[in-house]
Structure formats: C-alpha cells, structure tokens
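# Reading the structure
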Amino acid sequence: MTDMNKEAISVLNDLIETSKDGQEGFKTCAEDIKHPELKALFVKRSADCATAAAELQGTVRSMGGDPETSTSLSGDVHRRWVDLKSLVTGKDEEAVLNEAERGEDHALKAYKHAIEKINKHNLVGIRDLVERQYHGVQRNHDQVKALRNQARARS
C-alpha cells in the first residue's frame, strides 16, 4: 500500500468516526425531544450520518484499508455526546438544537481539516467524496442553526 493510500485511509477513517459521532448524537436528540418535526429531522440526520459513514467505509475498503467502525475515542467528542444526553433529557427544543449545532460545528471542523490534508498531500482520489459530504454537513449545520434561531425567537 502506498504512503498516499495510507494517508487517504487515515483521513477517511477520521471522518468515519466523525460521522458515527453525528449518528449517535442525532439519535440521542431524536430520543429526547418531544417536538415531532424536530424528532423526524434528527432521525433523518442520524440516518444521513450512517449513510455517510458507510460510504466512507466502502471507499476505505476499496483502497485496501480497514475502515473504522466505531465512534471516536477522543475524549472531548465522546464527552460532548455524553453531555448532550444529560443536557437533553427534559430540556427545551432550543437547548437540544444548541447541542446539535455544537455537534455540527465539530463535524464541520473535522471536514475542513480533512480537506486541508487532502490538498496538502494531493489526495485527489478522495477529494470529490469528502467535499460532497462537507457540503452536506454545512447544509445540516445551517438548517439546525436556523431552527435554533426560530426556537430562540419563540421563547
């Protein structure tokens, strides 16, 4: 396996963890919120994250690598979702949306970092996939932020 492939697989595995974190985080939001439209949104976002992770895993396999299968082990990401679980229980929709936005902020940072690595190491084989997923994360972030702002205006 080439060094370029190893670097690409490393970038993709980091994004798999990020996607798995999002999947779990949105699932937690969906479980703990009463508002039916937000519940449906979070269920869909969780499924979208699972789809993104599966797509990344397939790409890692096609490159001869072993894809990541779990959420990140990094303490602050894991704690963020654990904190989310305790914060969300019994909280209003604005609080839940704040936590969802914070999770999306993390995902955006992870994808921006991945794109920087792709450009630095000229990993053109994975650029289109990562950029397409990045734009999806950006849309999710913007939608969650808009919903949070609406909830804030109502309260």
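Below is a short write-up of the structure.

Calculation criteria
- Residues numbered from 1 in each chain as written.
- Predicted model: local features only at pLDDT ≥ 70, side-chain atom pairs only at ≥ 80, totals over all residues.
- Heavy atoms only, no water.
- Helix = DSSP H or I, 4+ residues; strand = E, 2+ residues; numbered from the N terminus.
- Buried < 20%, exposed > 50% of the residue type's maximum accessible area, 1.4 Å probe, protein only.
- Contact = heavy atoms within 4.5 Å.
- Core = buried A, V, L, I, M, F, W, Y, C linked by side-chain atoms within 4.5 Å.
- Expected span 1.5 Å × (residues − 1).
- Salt bridge = Lys/Arg side-chain N within 4 Å of Asp/Glu carboxyl O.
- Axes fitted to C-alpha atoms, helices over the stretch in contact; angles between N-to-C directions.
- Parallel < 35°, antiparallel > 145°, perpendicular 65-115°, else oblique.
- Left-handed = near helix turned anticlockwise from the far one by under 90°.
- Nonpolar A, V, L, I, M, F, W, Y, C, P; charged D, E, K, R; others polar.

### Section: the overall build of the protein
Per the secondary structure count, the protein includes five helices and zero strands. When the helices and strands of the protein are placed in sequence order, the string is α-α-α-α-α. Here the protein, with 155 residues, has 45% of them falling under the buried criterion. Long-range contacts, defined here as pairs at least 24 residues apart, represent 78% of the contacts in the protein between residues at least 6 apart.

### A word on the nonpolar core
The biggest cluster of nonpolar side chains holds 22 residues, and the ones touching the most others in it are Leu12, Leu15, Leu56, Tyr111, Ile126 and Val130. The set of elements that each furnish at least two residues to this core consists of helix H1 (3-32), helix H2 (36-62), helix H4 (93-121) and helix H5 (124-154). Ranked by residues supplied to this core, first place goes to H4 with seven residues. Not counting the four nearest positions on each side in its chain, Val130 is found in contact with Leu12, Leu15, Tyr111, Ala114, Ile115 and Ile118. With 13 residues, the next largest nonpolar core counts Cys29, Leu38, Cys49 and Val96 among its residues.

### Some thoughts on H2
Between the first and last C-alpha of H2 there are 39 Å, a value that for 27 residues agrees with the 39 Å anticipated at 1.5 Å per step. Those residues of H2 that sit buried are Leu38, Leu41, Phe42, Arg45, Ser46, Cys49, Ala52, Ala53, Leu56, Gln57, Thr59 and Val60. At the exit of H2 stands Gly64, carrying a positive phi of roughly 85°.

### Looking at the pattern of salt bridges
As enumerated under the stated definition, the model contains seven salt bridges in all. In this structure, Arg45 and Asp48 form a salt bridge, with 3.1 Å as the shortest nitrogen-oxygen distance. Note that Arg45 and Asp48 are positioned in helix H2 at a spacing of three residues, about one turn of the helix. Overall, the relative accessible area of 8% leaves Arg45 in the buried class. Across the pair Glu94 and Arg152 runs a salt bridge, and its minimum N-O distance is 2.9 Å. Residue Glu94 is found in helix H4, and its partner Arg152 is found in helix H5; the two are separated by 58 residues along the sequence.

### Brief notes about the packing of H2 against H4
Packing of H2 against H4 brings their axes to within 12 Å, and their N-to-C directions diverge by 20°. In terms of axis orientation, H2 runs roughly parallel to H4. For the crossing formed where H2 meets H4, the hand is left-handed. In this structure, H2 uses Leu38, Phe42 and Leu56 to contact H4, whose residues at the interface are Glu93, Val96, Leu97, Ala100 and Tyr111. Considering only residue class, the contact of H2 with H4 consists of seven nonpolar, no polar and one charged.

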